[in-house]
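# Per-entry structural report
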Amino acid sequence: MVIALLGVWTSVAVVWFELVDYEEVLGKLGIYDADGDGDFDVEDAKVLLGLKERSVPAQPTSPDSEETIQPADKSHVESEHKNADVELEEEIQSVLHEALHSQPGEGHEDVDESINDQWQEKEEVHGETFEAPTTDDLLRELENEIPEAYETPDSDQKDADLLTDDLGAMESEPYEAPVSYEYDMDVEKTVSDPEAPEDGVHGDYNEDHEPKHEKQTETEDTDEIIEDFDIDKELSVESKHTEDVVANEPEESEMPVQAEDYSNDDLVGKSEKETEQDKTEKAKKKKKPKLLNKFDKTIKAELDAAEKLRKKGKVEEALRAFEELVNQYPQSPRARYGKAQSEDDLAEKMRSNEMLQKAINTYDEVVSLPNVPSDLIKMSLKREADRQQFLGRMRGSLVTLQKLVQLFPSDTSFKNDLGVGYLLIGDNSNAKKVYEEVLSLAPNDGFAKVHYGFILKAENKIAESIPYLKEGLESGDPGTDDGRFYFHLGDALQRMGDKEAYKWYELGYQRGHFASVWQRSLYNVKGLKAQPWWTARETGYTELVKSLEKNWKLIRDEGLAVMDKKRSLFLPEDENLREKGDWSQFTLWQQGRKNENACKSVPKTCALLERFPEATGCRRGQIKYSIMHPGTHVWPHTGPTNCRLRMHLGLVIPKEGCRIRCAQENRTWEEGKVLIFDDSFEHEVWQDAENYRLIFIVDVWHPELTAQQRRTLPAI
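Read on for a plain summary of the structure. (Residues numbered from 1 in each chain as written. Predicted model: local features only at pLDDT ≥ 70, side-chain atom pairs only at ≥ 80, totals over all residues. Heavy atoms only, no water.)

### Focus on the overall build of the chain
This is how it is decided: In this text, helices come from DSSP runs of H or I with a minimum length of four residues, and strands from runs of E with a minimum of two, each type numbered from the N-terminal end. Burial here depends on accessible area, computed with a 1.4 Å probe over protein chains only, as a share of the maximum for the residue type. Under 20% is buried, over 50% is exposed, and the range in between is partly exposed. The accessible surface values rely on the Shrake-Rupley method and a 1.4 Å probe; as for residues, cover is taken only from the protein chains in view.
Counting secondary structure elements, the chain contains 27 helices and 13 strands. Among the 716 residues that make up the chain, the fraction classed as buried is 53%. Accessible surface, the chain as shown: approximately 32300 Å² in total, 50% of it carbon and sulfur.

This is the structure in structure tokens:
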């Protein structure tokens with residue numbers, strides 16, 4: 001018993017007092033690297049113990065030339081491997097035991113701790129000691145065997161030069177919220193256009209590649225808006241679907257609570273039974289990326305030391321270390337990539353767009369070097385495109401994505417990213433061509449399907465869009481579980497008279513994309529009171545309501561004068577919200593900005609409203625006249641955010657034939673009276689009267705939003 005206890009305490013002492021430096025020992029075992037991957041692991045041990053022949057560096061092979069193991073042979077092979085693994089583990093322990101007792105115990109803090117884990121089971125295999133963690137998107141890119149190194153063609157270097165010129169011409173700006181990244185679609189107009197009616201805008205595509213749904217976060221702790229992203233992760237340009245492209249404020253979130261994983265739901269997701277092909281794909285996904293060329297393997301210890309500083313958050317020191325390495329070894333791709341990552345980290349810390357632009361340029365320099373490993377090219381260009389999008393450099397990002405597709409034409413994930421790039425600049429035509437190409441190569445690609453369906457719906461090809469949206473969501477592929485796709489599939493089904501729409505809305509709610517089946521806005525602040533209809537007392541804006549109702553005739557008369565003399569100021573609704581009919585609007589305020597020219601036509605009305613900042617300062621709403629003619633039906637739709645309430649003041653109301661439904665309750669307007677509802681709930685309008693209907697719409701901040709939130713929430 002005493003001997004056993006002494007043995008335990010001796011083991012503890014060895015670890016606690018660092019009597020043996022395991023990192024140094026394992027690092028020195030690197031000289032026994034037999035398979036050329038830069039470290040000592042299980043495969044190297046097999047070679048040294050005679051269980052496996054020394055491998056020659058693999059050359060890219062075609063799928064046809066690869067040997068496959070038939071199912072009948074698998075059990076025999078697996079049993080042999082298990083026996084070999086048992087013997088191997090015993091041998092490894094003895095080798096390590098000898099090594100541990102033959103090496104001095106000097107400390108080397110600059111060696112990454114991850115070396116210790118490199119010979120564990122495959123489920124726990126780590127990447128190179130200094131490489132950034134990878135995401136599912138990166139792993140999907142690495143499914144196919146890729147060459148060890150790829151020298152960038154001259155033509156691509158010219159593209160890079162063009163990109164540098166394009167970016168260099170742009171002025172640096174504060175590291176604040178960049179432009180909102182949206183799909184600029186004919187059907188779903190972005191609300192940045194002050195003349196665009198905005199009752200139900202859901203064409204937004206905030207990369208994160210996904211409101212996933214909404215994986216965007218808006219917070220209100222400070223007046224500055226910054227992005228919350230993990231520099232260590234090489235994020236996809238897809239909707240990751242993001243999550244990292246939309247600039248955010250720290251902490252207080254504006255996103256639905258994430259629900260459970262419903263991937264095995266009867267309606268959506270793949271079956272529980274995993275096919276052999278799925279297993280093979282998963283095995284491929286576990287393959288770690290190769291980031292070192294032959295030269296970089298010779299300076300691995302120096303690279304590890306610099307990377308360890310970065311991982312510990314010592315950003316400035318890491319940047320200096322990588323800069324020294326770049327100066328000393330200008331041909332080192334990994335040193336250059338580490339410099340770019342450090343600049344990326346420092347940009348976040350400083351909130352500096354100028355520093356982020358330096359990182360973008362350095363990522364681009366990586367690709368221009370000779371003998372860059374393919375994985376490093378992919379990671380550098382993907383991150384470069386991602387950061388360009390964050391800064392709002394959409395066309396520069398598009399050039400980068402085009403380069404990726406040119407270098408890796410067989411990788412459909414890059415084509416998918418390129419399609420998103422086109423959508424972000426409003427080029428639906430080229431995006432459509434890209435997704436058609438992807439679907440011709442990979443007919444079951446769920447990401448391509450949902451985006452292709454999204455585009456078809458934007459073209460008002462409602463029936464054609466449904467199967468693509470539905471099959472894409474059912475695929476469960478990365479980037480498909482996005483609130484916008486549930487929204488548009490449900491909307492398309494509704495317009496076709498299919499009640500299955502509410503099944504998809506329900507699933508979207510279960511997945512955390514919608515606040516409820518009826519409240520389906522995508523840009524939300526959690527915890528706000530949610531109900532379809534409100535009273536003036538409940539809002540707290542009684543003075544505004546009283547002023548509107550007291551002066552309703554003045555507001556009406558100025559609006560009628562504009563209709564008579566300046567009819568062109570009333571612009572047709574162009575968001576494809578009407579099934580039929582004639583509906584136009586005349587906007588005075590949009591996103592908290594006053595339309596001075598419009599107010600010249602209705603000066604008394606605008607002067608009246610200036611007293612109420614809850615309305616004129618509502619950067620997520622509008623103030624406008626709305627005229628609807630007989631025979632008009634507005635499809636069921638929802639507004640984009642739960643951060644506002646909408647007031648309707650009746651000005652010219654026919655005695656019968658006009659009604660509005662919000663959620664499950666119908667109401668009618670009265671002249672001189674205000675209706676208040678939350679337009680983030682589904683609502684629908686019918687105008688079946690004999691004469692036109694004229695109302696005055698005033699959006700106000702949700703009363704539970706704080707003053708800080710009202711100042712800092714991005715405009716919609």
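Resuming the write-up.
### Focus: helix H18 (residues 462-475)
Residues three or four positions apart in an α-helix share a direction because the helix packs 3.6 residues into each turn. The condition that has to hold: Working rule for helices: expected span equals 1.5 Å times residues minus one. Contacts between residues were defined by any pair of non-hydrogen atoms, one from each residue, lying within 4.5 Å.
Helix length check: H18, at 14 residues, gives a terminal C-alpha distance of 20 Å against a target of 20 Å (1.5 Å per residue), a fit within 8%. Buried within H18 are the following residues: Ile462, Ser465, Ile466, Leu469, Gly472, Leu473 and Ser475. Check the buried side of H18 and you find it contacts helix H17 (446-458), helix H19 (483-495) and helix H20 (501-510). Looking one or two residues beyond H18, the residue adopting positive phi is glycine 476, at roughly 70 degrees.

### Notes on the packing of aromatic side chains
Our working definition: Each Phe, Tyr or Trp ring (for Trp, its six-membered ring) is paired with any other whose centre lies within 6.5 Å, and the angle between the two planes then decides the class: stacked below 30 degrees, edge-to-face above 60, tilted in between. Any Lys NZ or Arg CZ that is within 6 Å of a ring centre and within 35 degrees of that ring's normal is treated as a charge sitting over the ring.
For the structure on display, the rule yields 13 aromatic pairs. Through a chain of ring-to-ring contacts, three or more aromatic side chains come together here, namely Tyr502, Tyr505, Phe514 and Trp518. Over the face of the ring belonging to phenylalanine 408 we find lysine 378, whose NZ or CZ atom lies 4.9 Å from the ring centre. The ring of tyrosine 505 carries the charged tip of arginine 520 above its face, separated from the ring centre by 3.6 Å.

### Things to note about the pattern of salt bridges
Oppositely charged side chains are able to pair whenever their charged atoms sit close together. Selection criterion: Here a salt bridge means any side-chain nitrogen of Lys or Arg lying within 4 Å of a carboxyl oxygen belonging to Asp or Glu.
Scanning the entire structure with this criterion turns up 35 salt bridges. When the shortest N-O distance is used, the salt bridge between aspartate 481 and arginine 511 registers 3.1 Å. Of the two residues, aspartate 481 sits in the loop between H18 and H19 while arginine 511 sits in the loop between H20 and strand E1 (533-534), which places them 30 residues apart along the sequence. For arginine 511, a relative accessible area of 7% translates into the label buried. What emerges from the salt-bridge pattern is a single network uniting Glu307, Arg310, Lys311, Arg334 and Asp345.

### With respect to the state of the cysteines
Keep this limit in mind: Disulfides are defined as cysteine sulfur pairs within 2.5 Å.
Applying the stated criterion across every chain, the model contains 1 disulfide. Each disulfide pairs two cysteine sulfurs, and for cysteine 599 the partner residue is cysteine 606, the sulfurs being separated by 2.1 Å. On the sign convention where negative is left-handed, the bridge of cysteine 599 and cysteine 606, at about -80 degrees about the S-S bond, is left-handed. Summarising the burial analysis for this pair, cysteine 599 and cysteine 606 share the class buried. Counting only cysteine sulfurs, cysteine 618 is the nearest neighbor of cysteine 643, a cysteine outside any disulfide, at a range of 8.6 Å. Of the residues examined, cysteine 643 reaches a relative accessible area of 0% and is grouped as buried.

### Structural notes on the environment of lysine 461
By the element assignment, lysine 461 lies in the loop between H17 and H18. A relative accessible area of 34% places lysine 461 in the partly exposed class. The spatial distance from the C-alpha of lysine 461 to the C-alpha of alanine 492 is 9.2 Å, given a sequence separation of 31 residues. Not counting the four nearest positions on each side in its chain, lysine 461 is found in contact with Lys432 and Leu456.

### Focus on the nonpolar core
Here is the rule: What we call a nonpolar core is a set of buried Ala, Val, Leu, Ile, Met, Phe, Trp, Tyr and Cys residues that are connected through their side-chain atoms within 4.5 Å.
With 42 residues, the main nonpolar core has Leu544, Leu548, Leu588, Tyr625, Met647, Phe696 and Val698 as its most contacted residues. The contacts of valine 698, once residues within four sequence positions are left out, are Leu544, Leu548, Ala615, Gln622, Ile623, Leu645, Arg646 and Met647. Tyr337, Val367, Ala431 and Val438 belong to the second largest nonpolar core, which has 37 residues in total.

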